[in-house]
Amino acid sequence: MPQEDGDPARPRGQQLNGEVSGTPRLRGMGGPLLRGTTAPGGSRTEVMAAGWEPGLALGDRDVTPEGAPQQAGQHEEALMTELSELVQKVVKSSSWWERHGVDISILACSFLLLPAGFLCLRSAQAIPFLAGVLTLGVVHHTLTVKGSHLASHNALTESKSWGKVWAIFFIELCSAFTVEQATYNHVKIHHGYTNIIGLGDSSTWKLPFLNRYVYMFIAPLAVPILTPLVALDLLRNVEWKAALRTLCCMFLGLYCHYWLLLHVSGFQSPWSALLCMLLTRSLLAHPYIHVNIFQHIGLPMFAADRKPKRIHLMSLGVLNLPRNALLDWSFGHSLISCHVEHHLFPSLSDNMCLKIKPIVSQYLKQKKLPYNEDSYTSRLRLFLQRYEELMVHAPPITELVGIQ
């Protein structure tokens, strides 16, 4: 399974209270790191950075006196190395249960809930029927979001061979997508070039022809339909053997769901079964879309030739949401409350991201680096208020400035 470059944790910030977009400037010691207007709604997204070493610039180009970029790179590599060593100690001292067992158990429990969900749908009474819809909806998103995400990073097992098997199962069979394109787009592009304009800037989640309310509240219902259609289109970019395997897995996964609704849940017509499939598969589609845009869009964006090094890129361009029992179970900690930790150490499981969270947050704050956190409702309010700026127009590029 391809892994992100520089992943030291798998032999691989300053709470925000203001600015989340605009053209912030990175300054030297004694000045604010990001400067701009305050986000509407009191969004807790202010980036502070007093105490940076004088003479260090974050850009890859020559924006400071001669020799400073090399010094900056060495300093940033030292920061990432130091943080990696702290995290690695925690990983090595953790048991298999902590590294993989907790998350595997959550996925296993979801499988065990499937029979109950299908049987509840047999009931003619509203409460058991709705319980079945809720159960199947949560199970579906646990397998397709949490399972697929962990599998794409090979975080379910130490074995690369088994990792490939789990990736095919969760991504192709459960999610109706193709492994090769999913891992390339997510692991190599999104993680490798987080918030880099034209690469990992989350632009694939933008539909600028839709207005804010349609995009935020109606369009997510189409996710179960659009996902396999997009996957079919992407099959042109993979080898024929992989394309054939994907087609077989996608068909098997969708048909099994349909067959179980007809023969176990007792649906009388194909259309009622298909409608139930759409309902359960879109149950958590709204938070799924929201989470994907809330945690990156609106934060600093960079050009490919002028970007911070890894530790600064991830601390500037990634945001954590508060813990939520339903989303923690269905999506996993690495997509909700530990997204910063996940982007710094992407091959760690959800449970391990939660375990290293205090270490990462404390380290970034001690080093005067951003550690972005905001609430779900605050981000929702922000996107509704600034939808045109954030989701329709091209995001502004963060300007990297040398020592003033």
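All values reported here derive from a predicted model rather than from experimental measurement. (Residues numbered from 1 in each chain as written. Predicted model: local features only at pLDDT ≥ 70, side-chain atom pairs only at ≥ 80, totals over all residues. Heavy atoms only, no water.)

On to the layout of surface pockets, then. Put simply, the largest pocket is a space of about 1,600 Å³. Lining the largest pocket we find 48 residues, and of these Phe-177, Thr-204, Trp-205, Tyr-288 and Asn-292 sit closest to its centre. Of all the elements in the fold, those that place two or more residues in the lining of the largest pocket are α3 (126–152), α4 (160–174), α5 (179–191), α7 (223–234) and α10 (285–294). Here the residues of the lining of the largest pocket are counted per class, giving 25 nonpolar, 21 polar and 2 charged. (1 Å grid on protein atoms, 1.4 Å probe; cavity = no way out; pocket = protein on both sides within 12 Å on 5 of 7 lines; lining within 4 Å. Points joined across faces, edges and corners; volume = space filled by probe spheres on them. Helix = DSSP H or I, 4+ residues; strand = E, 2+ residues; numbered from the N terminus. Nonpolar A, V, L, I, M, F, W, Y, C, P; charged D, E, K, R; others polar.)

Ranked by size, the top nonpolar core spans 22 residues in total, and within it Ile-311, Leu-344, Phe-345, Val-360 and Leu-364 carry the most contacts. Counting residues per element, the ones that place at least two in this core are α1 (68–92), α11 (310–317), α13 (339–344) and α14 (350–366). Judged by nonpolar contacts, the second largest core, of 20 residues, contains Leu-107, Leu-143, Ala-155 and Ile-168. (Core = buried A, V, L, I, M, F, W, Y, C linked by side-chain atoms within 4.5 Å. Buried < 20%, exposed > 50% of the residue type's maximum accessible area, 1.4 Å probe, protein only.)

Viewed as axis vectors pointing N to C, helix α2 (residues 96–120) and α3 meet at an angle of 150°, and their least axial separation amounts to 8 Å. The angle between α2 and α3 places the two elements in the roughly antiparallel class. Where α2 crosses over α3, the two elements pack in a sense that is left-handed. Counting all contacts with α2, which are made through Asp-103, Ile-106, Leu-107, Ser-110, Phe-111, Leu-113, Leu-114, Gly-117, Phe-118 and Cys-120, the residues of α3 involved are Pro-128, Phe-129, Gly-132, Thr-135, Leu-136, Val-139, Thr-142, Leu-143, Lys-146, Gly-147 and Leu-150. (Axes fitted to C-alpha atoms, helices over the stretch in contact; angles between N-to-C directions. Parallel < 35°, antiparallel > 145°, perpendicular 65-115°, else oblique. Left-handed = near helix turned anticlockwise from the far one by under 90°. Contact = heavy atoms within 4.5 Å.)

Mapped onto the secondary structure, Arg-379 falls in helix α15 (residues 376–385). For Arg-379 and Val-291, which are 88 residues apart along the polypeptide, the C-alpha to C-alpha distance reads 9.5 Å. Within polar-contact distance, the side chain of Arg-379 engages the backbone oxygen of Phe-294 at 2.7 Å. (Polar contact = N/O pair within 3.5 Å; in protein donor to acceptor, adjacent residues only side chain to side chain.)

Turning our attention to helix α8 (residues 240–263). Helix length check: α8, at 24 residues, gives a terminal C-alpha distance of 34 Å against a target of 34 Å (1.5 Å per residue), a fit within 8%. Buried residues along α8 sit against α2, α4, α5, α7 and α9 (270–281). (Expected span 1.5 Å × (residues − 1).)

Let us look at unusual backbone geometry. We note that Ala-176 has phi near 60°; this positive angle belongs to a residue other than glycine. Counting through the fold element by element, Ala-176 comes out in the loop between α4 and α5. Look at Lys-368: it is not a glycine, yet its phi comes out positive at around 60°. Along the chain, the position of Lys-368 falls in the loop between α14 and β3 (372–373). Look at Lys-368 and you get partly exposed, because its relative accessible area is 36%.

Let's shift gears to the environment of Leu-232. Examined against the element boundaries, Leu-232 turns out to sit in helix α7. The class of Leu-232 is partly exposed, set by a relative accessible area of 41%. Counting along the chain gives 18 residues from Leu-232 to Met-250, while the straight-line C-alpha distance between them is 9.7 Å. Residues in contact with Leu-232, not counting those within four places in the same chain, are Leu-247 and Met-250.

So, about the side chain of Ser-337. In this structure, Ser-337 sits in the loop between α12 (325–330) and α13. Ser-337 has contacts with Asn-320, Leu-321, Pro-322, Arg-323, Asp-328 and Lys-357, leaving out every residue within four places of it along the chain.

Okay, the UniProt feature "transmembrane region" (unreviewed entry) in the chain next. Using the residue numbers shown here, the UniProt feature "transmembrane region" (unreviewed entry) corresponds to residues 213–235 and 242–264. A helix fraction of 78% and a strand fraction of 0% characterise residues 213–235, whose end C-alpha atoms lie 32 Å from each other. Within the segment residues 242–264, helix and strand shares are 96% and 0% respectively, and the terminal C-alpha atoms sit 32 Å apart. (UniProt positions renumbered as here; feature names shortened; annotations may be inferred.)

Packing of α2 against α14 leaves a shortest axis separation of 7 Å and a crossing angle of 130°. By the angle between their axes, α2 is oblique relative to α14. Each of Glu-98, Arg-99, Val-102 and Asp-103 in α2 lies in contact with α14, whose residues at this interface are Asp-350, Asn-351, Met-352 and Lys-355. Of the residues contributing to the contact of α2 with α14, the split by class is 2 nonpolar, 1 polar and 5 charged.

So, on to α9. Helix length check: α9 (12 residues) gives 16 Å between terminal C-alpha atoms against 16 Å at 1.5 Å per residue, within 8%. Within α9, burial applies to Ala-273, Cys-276, Met-277, Thr-280 and Arg-281. Buried residues of α9, viewed axially, fall in a sector of 120°; they line one side. Structural note: α9 exposes Trp-271 and Leu-275 on the side pointing more than 90 degrees away from its buried face. (Arc of directions from axis to C-beta.)

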